[in-house]
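# Coordinate inspection notes
Spelled out, the chains give:
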Amino acid sequence: MERFSFAGGLGNKMNKMRNDKKGQQEIVGFVLIVVLVVVGLMVFLIISTRTSDDVKSVEVGNMLDALMKHTTDCAVVYEPDYDDFEDLFKSCHQEDQCSNLGLSACDYLNESLRAVLEGMFATEATVGAYQIDFLVKDDEGEEVLLRILEGNCTGSVFSAQRSIVSHSDSLVIRLKVCSTLS
Amino acid sequence: MKIMQMAFMIVAVFFFFVLVGLFFLSIQFKDVKGSAAQLQRDQAISSLRVIADMPELSYDFSEAFTLDEDKLKIMTGGFGDVYDDVWPVASVAVYKLWPVASELKLCPGLGCNYYELYDNGQNNSRTYSTYVSICKKVKESGFVYDKCEVGKLEVGVVDAGGVHQ
């Protein structure tokens, strides 16, 4: 009789252990699913925030084109052979001088670009901030020659860039505009 | 008891995935709305190219969004009214952004910076604008060169009962 009750107790204990093991397996399975979904969500969020960071815009492209064609007061060789901003970027890269102003092309570029951008964005009520980068691109990467950043960005970023060639180097002018419009 | 536990588990997992799905959808739709608005704006700006590239306004046919300042001066002298049937818009205006001026001064006039080319007098119009180059030939020290300045082309489009293009 005692033997039977002992065997019955052992059987109950084994059943309980089996149930506990099954419960643990379920919990582990659920945790695995949660971890997988969270990882998937994180990957999705990283990709979506990355892509929304740099939206190409026709408006900003037109802005940059108009800026590049704007004639400046800098004449490198003779007056009135004035540089437009596209030529001035090249002159700055080639370390030329504005012979009529007695300034280096880079100093004049920095000064005049700030002034023109300020004038352009004065009419834009929806623009909170803007940034223009003048970069030299080669196999090793990008080197920033000039960066102008004004304002604080609280909205969406729209961008455009143009590439020009100077002395076998590729120059990139990238304009980013932060707009409060979505 | 076991079936109940399983049922609870399935319901919990189902609700979890529903919440994840809703989160995902809300992000997706927010993106779609933003992209649609941006596409509309880009489309409207691209359509301004048709007007900017007209021979009556264009400076250099090989370059888009480049306006001839001398042509603008002529068009402000009442010529724009002749284009009533040609321009399918409510208004066309151009203004210079450089040199910076505190107020718009209507052309023709000394030191003016605002060219009103056409206006059919419609009040219920929605304006679209884009950046352009305003260029002219300038003679200095016996040399002729192209002088371009940054400006804005502003076109008014009839707003048909709140339906925007």
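Report follows, based on the coordinates. Every chain begins its residue count from 1, and numbering advances along the sequence as written. Chains carry letters from A onward and ligands carry numbers from 1 onward, assigned in written order. This being a predicted model, a pLDDT of at least 70 is required before a residue's local features are given, and a value of 80 or more before pairs of side-chain atoms are given or counted; all residues contribute to the totals for chains, interfaces and linings.

## A short note on the overall build of chain B
Secondary structure is summarised from DSSP: a helix means a run of H or I of at least four residues, a strand means a run of E of at least two, and numbering begins at the N terminus for each. Helices and strands together make up the secondary structure of chain B, namely two helices and five strands. Traced from its N-terminal end to its C-terminal end, chain B shows the element sequence α-β-α-β-β-β-β. We compute the radius of gyration over the C-alpha atoms and compare it with the globule rule, which gives 2.2 Å times the number of residues raised to the power 0.38. Its C-alpha radius of gyration of 26 Å places chain B more than 25% over the 15 Å reference for a compact globule of 165 residues. Projected onto its principal axes, the C-alpha coordinates of chain B cover approximately 100 × 40 × 35 Å. For chain B, buried positions account for 27% of its 165 residues. Long-range contacts, defined as pairs at least 24 residues apart, comprise 60% of the intrachain contacts of chain B with a sequence gap of at least 6. Note on burial: count the other C-beta atoms lying within 10 Å of the residue's C-beta; 20 or more is buried, 12 or fewer is exposed, in between is partly exposed, and C-beta positions come from the backbone. Note on contacts: each residue gets a C-beta atom placed from the backbone, and two residues are in contact if those atoms are within 7 Å.

## Regarding the sheet that holds strand β1 (residues 66–68) of chain B
Residue and element names in this part refer to chain B. Spatially, the five strands line up as an open sheet ordered β1-β4-β5-β2-β3, and their pairing is mixed. With partners counted over all chains shown, the strands left at the sheet margins are β1 and β3 (114–119), one partner each. Across this sheet, the average inter-strand angle for adjacent strands is 30 degrees, counted without regard to direction. Two strands pair if DSSP finds at least two bridges between them. Pairing of strand β2 (residues 91–96) with β3, which is carried by five bridges, proceeds in the antiparallel orientation. Bridge pairing links Val-94 to Tyr-115 in β3. Packed on one face of the sheet, helix α2 (residues 69–76) meets β1, β2, β3 and β4 (125–140) and runs near 50 degrees to β3. Angular values range over 0 to 180 degrees, each being the angle between N-to-C directions of two axes fitted as lines to C-alpha atoms, with helices fitted over their stretch in contact.

## Comments concerning the sheet that holds strand β9 (residues 169–179) of chain A
All names here are of chain A. Spatially, β1-β8-β9-β6-β7 is the arrangement adopted by the five strands of the open sheet, whose pairing is mixed. Each of the sheet's edge strands pairs with one partner strand only, and the pair in question is β1 (55–56) and β7 (141–151). Where strand β6 (residues 127–138) lies against β9, 10 bridges are found, and the strand directions are antiparallel. Across the sheet, Ile-132 pairs through a bridge with Leu-175, a residue of β9. Contacting β8 (156–166) and β9, helix α2 (residues 58–69) runs over the sheet at an angle of about 40 degrees to β8. Packed onto the sheet, helix α3 (residues 85–93) meets β6, β7, β8 and β9 and runs at close to 65 degrees relative to β8.

## Quick word on α3(A)
Along α3(A), the residues that are buried comprise Phe85(A), Asp87(A), Leu88(A), Phe89(A), Ser91(A) and Cys92(A). Glu95(A) occupies a position one or two residues after α3(A) and carries a positive phi of about 55 degrees.

## Regarding helix α4 (residues 105–121) of chain A
Residues and elements named next belong to chain A. For α4, built from 17 residues, the straight-helix expectation of 24 Å at 1.5 Å per residue is met to within 8% by its first-to-last C-alpha distance of 24 Å. Listing the buried residues of α4 in full gives Ala-105, Cys-106, Tyr-108, Leu-109, Ser-112, Leu-113, Val-116 and Met-120. Projected onto a plane normal to the axis of α4, the buried residues spread over an arc of 140 degrees and lie on a single side. Expected span of a helix: the number of residues minus one, times 1.5 Å. Here the arc refers to the set of directions running from the helix axis out to each C-beta atom.

## Side note on the interface of chain A and chain B
Across the contact, 29 residues belong to chain A and 28 residues belong to chain B. Within the residue set of the side of chain A that touches chain B, elements represented by two or more residues are α1 (2–52), α2, β3 (82–84) and α4 of chain A. When residue character is reported, Ala, Val, Leu, Ile, Met, Phe, Trp, Tyr, Cys and Pro are called nonpolar, Asp, Glu, Lys and Arg charged, and the others, Gly included, polar. Grouping the constituent residues of the side of chain A that touches chain B by class yields 12 nonpolar, 10 polar and seven charged.

## Focus on the pairing of β7(A)
Residue and element names in this part refer to chain A. Of the pairings in the sheet, the one linking β6 to β7 comprises 10 bridges and is antiparallel in character. Of the residues in β7, the one forming a bridge with Leu-135 is Val-144. Between β6 and β7, which pair antiparallel in sequence order, lie two residues.

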